[in-house]
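So the chains spell out like this:
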Amino acid sequence: MFMLKVENLHVNVGDREILKGVGFELGSGELHVVMGPNGSGKSTLALTIAGHPRYKVIDGRIIFEGEDIAGLSPEERVKRGIFLSFQHPVEVEGVKIIQFLQRILKNLKGLDEVGAYDVIFNAVQELGLDESMLSRFLNVGFSGGERKKLEMLQAYLVKPKLLILDEPDSGVDVDSLKVIAGVINKLHEEGTSILLITHYGRILEHLRPNRVHVIKDGRLVTSGGPDLVKTIEEKGFAAVGAV
Ligand SMILES: Nc1ncnc2c1ncn2[C@@H]1O[C@H](COP(=O)(O)OP(=O)(O)O)[C@@H](O)[C@H]1O
Ligand SMILES: [Mg+2]
């Protein structure tokens, strides 16, 4: 049984067609990687699955657990278990991370403040994160690595059915990368299905993907096993799936 099936997806932003036919099936509990050059449409794919209103599905379907979700609001998708970790998380002055995370756990899991605090504190310990981060404002003055680690903490707390990660490895140092990959592996072991977008192979040294998809110029040009990553590393995107 698949968790997510993307069928012949065509997506416009304004009048411009950005995705021009993307299709794949992500089995329950699998980890798939999406790679491709800059500007090929990877973030567009992630944002479209999450339901960003600027990204209009003009053809094709997005089936999640047997249901076409293309018409659902982002909130409805979150409730169904889809979580997107952004490539560029926003800064919010005046909102402390602890409050933000408590709110998320209240909305999604019905936890009160104290219950949520315990869950958050335990997760921070378990993941080896710095607990002083919890009293800072959301992403304000955060380094690339700190932002991504906070996104991973959110994902770990939410425990989504489907986790979409948009370049969790960009702008991240080697040590943070290990922490991030560790959280991905933990969630994967707990049964979360994962769609991981990256344009480097580096993070994949820590992970064991089931399948790799390559997008170029809005089209899925090839899919294959983990060996595809090696080919891309050695020969570049030009060597795989000619457009
Ligand atoms: N909100 C947007 N407004 C205008 N153009 C966009 C928007 N989102 C994406 N695009 C365009 O779509 C193309 C694909 O972008 P993107 O999905 O961000 O690629 P990637 O994540 O693979 O680098 C780019 O040419 C980009 O400029
Ligand atoms: Mg992108």
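What this report covers is the structure whose coordinates are included nearby. From a predicted model like this one, the values you see are computed outputs, not experimental measurements.

1. Observations regarding the pairing of strand β10 (residues 193-197)
Working note: regular strand, side chains alternate between the two faces of the sheet.
Here is step 1 of the chain: Burial within β10 is extensive, with five of its five residues counted as buried.
Here is step 2 of the chain: Side chains of β10 alternate between two faces, with Ser193, Leu195 and Ile197 and Ile194 and Leu196 buried alike.
Here is step 3 of the chain: In this structure, strand β3 (residues 31-35) lies alongside β10, joined through four bridges in parallel fashion. Each residue of the ladder has a partner; that of Val33, found in β10, is Leu196.
Here is step 4 of the chain: Direction of pairing for strand β9 (residues 162-166) relative to β10: parallel, over a ladder of five bridges. Bridge assignment links Leu163 to a residue of β10, and that residue is Ile194.
Here is step 5 of the chain: Each parallel crossover has a hand, and the one from β9 via helix α6 (residues 174-189) to β10 is right-handed.

2. As for the pairing of β3
Here is step 1 of the chain: Burial analysis of β3 places five of its five residues in the buried class, the great majority of the element.
Here is step 2 of the chain: Across the two faces of β3 the burial is the same, with Leu31, Val33 and Met35 and His32 and Val34 all buried.
Here is step 3 of the chain: In the sheet, β3 pairs with strand β11 (residues 211-216) via four bridges, with the strands oriented parallel. Counterpart to His32 in the pairing with β11 is Arg211.

3. What to know about the sheet that holds β11
Here is step 1 of the chain: Spatially, the six strands line up as an open sheet ordered β6-β9-β10-β3-β11-β12, and their pairing is mixed. Bordering the open sheet on either side are β6 (82-85) and β12 (219-224), each of which pairs with just one other strand. Going from strand to strand, the sheet's axes swing by 20 degrees on average, the running direction of each strand aside.
Here is step 2 of the chain: Pairing of β6 with β9, which is carried by four bridges, proceeds in the parallel orientation. Looking at the pairing, Ile82 lines up with Leu162 of β9.

Cut-offs and rules
Residues numbered from 1 in each chain as written. Chains lettered and ligands numbered in written order. Predicted model: local features only at pLDDT ≥ 70, side-chain atom pairs only at ≥ 80, totals over all residues. Buried ≥ 20, exposed ≤ 12 C-beta atoms within 10 Å, placed from the backbone. Helix = DSSP H or I, 4+ residues; strand = E, 2+ residues; numbered from the N terminus. Pairing = 2+ DSSP bridges. Right-handed = clockwise from strand over helix to strand, strands pointing away. Axes fitted to C-alpha atoms, helices over the stretch in contact; angles between N-to-C directions.

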